[in-house]
Amino acid sequence: MLYSVRMRSAKDRPHEKGGKHISGAERLLEEQAVDEAVRQMIRRARMHTRGKADFISIKIERIDRNKVEEIPALAFLDLQAGDLADGRRFAKQQLLTCGISKQAVDKAFSLLLDLKDNMRGAALLEAETGERLDAFHMRGVRVSRMDVKDEAGFACWIKKQGFEGLHVREAAVLAAKVAAAPGVIAELCWSDDPQYLTGYVAAQGVYHRITPLKSFGDERGGRVFFVRSGTELNKLVQYLQEQPVLVNWNLGKQGK
Ligand code: AMP
């Protein structure tokens, strides 16, 4: 049996009562790996650069292995930009290149840049008009029930491309699931970790890792998923939240 393990943590008050979001995590694990993952999640919530969480919610649910979909990892491309403006210019260019309208790209950037606080999930924008499709406001849609198929192999595959660490691993898994979702054309993301300035654009099977995409010390992060017009929204949200997936770095032979 596999288990979905989900964590969200907040400071001062629970999320529902307006507490400050500290961190979240999503795993899909064999039963024997669950205890250690939970320990790591609690540790992470208490030692985050956004603050020390004092409300931690952990949900563990059994997942039917037959329902799990295997999906390919995205190939990595890394861009070290000269400065923030350069990084954002590159991100916008990547989005335009894969067919997102200028209007939708501008909407996505103003949505993320005008946030008063960080989001907990992602905003879904229509790729032509830039219209916000989901009604989750500041919470956004949380992508869940995902992990890698072969932990050691995945870490090795990422390392071969010159990367390591939790941020990259988690983003690579999430971006792979989002890219596999029905109707999603591209994703734009930057972190809510004030010390982590790297963000990415995932599109056309490639994870364009871009540094910097935000300013040092900024605690506002967020994600935007650009959705093809005519996509069945309920089906998409159901896939993002519910469909269990394991990312197989060896599928499709992406990357080096
Ligand atoms: P992180 O990459 O964890 O620093 O998160 C950056 C931003 O991405 C957060 O502020 C959220 O808005 C969003 N985010 C994080 N985790 C998820 C998730 N599982 N599903 C959707 N959006 C997420």
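The rules behind these values
Residues numbered from 1 in each chain as written. Predicted model: local features only at pLDDT ≥ 70, side-chain atom pairs only at ≥ 80, totals over all residues. Heavy atoms only, no water. Helix = DSSP H or I, 4+ residues; strand = E, 2+ residues; numbered from the N terminus. Buried < 20%, exposed > 50% of the residue type's maximum accessible area, 1.4 Å probe, protein only. Near = heavy atom within 4 Å. Polar contact = N/O pair within 3.5 Å; in protein donor to acceptor, adjacent residues only side chain to side chain. Areas by Shrake-Rupley, 256 points an atom, 1.4 Å probe, with all protein chains shown as cover. 1 Å grid on protein atoms, 1.4 Å probe; cavity = no way out; pocket = protein on both sides within 12 Å on 5 of 7 lines; lining within 4 Å. Sits in = over half its atoms within 2 Å of the grid points. Nonpolar A, V, L, I, M, F, W, Y, C, P; charged D, E, K, R; others polar.

Asker: Looking at this model, I keep getting lost on unusual backbone geometry. Mind explaining?
Answerer: Generally, phi is negative for residues other than glycine and the peptide bonds are trans, each holding for most cases. Looking along the chain, the bond that leaves Thr211 and enters Pro212 is cis, with omega of -5 degrees. By the secondary structure assignment, Pro212 is in the loop between strand E10 (206-211) and strand E11 (222-227). The residue Asp12 is not glycine, and still its phi comes out positive at about 75 degrees. Among the secondary structure elements, Asp12 is positioned in the loop between strand E1 (2-11) and strand E2 (20-30). With relative accessibility at 52%, the residue Asp12 sits in the exposed group.

Asker: Looking at this model, I keep getting lost on the site of the ligand. Mind explaining?
Answerer: The ligand sits among 16 residues. The nearest are Met119, Gly121, Val143, Ser191 and Arg223. Ser191 places a polar side-chain atom, nitrogen or oxygen, 2.7 Å from an oxygen atom of the ligand. One of the side-chain N or O atoms of Arg223 is found 2.8 Å from an oxygen atom in the ligand. Across the complex, the protein chains shield 89% of the 480 Å² of accessible surface that the ligand would expose by itself. Counting atoms within 2 Å of the grid points, the majority share of the ligand lands in the largest pocket. Here the residues of the shell around the ligand are counted per class, giving six nonpolar, five polar and five charged.

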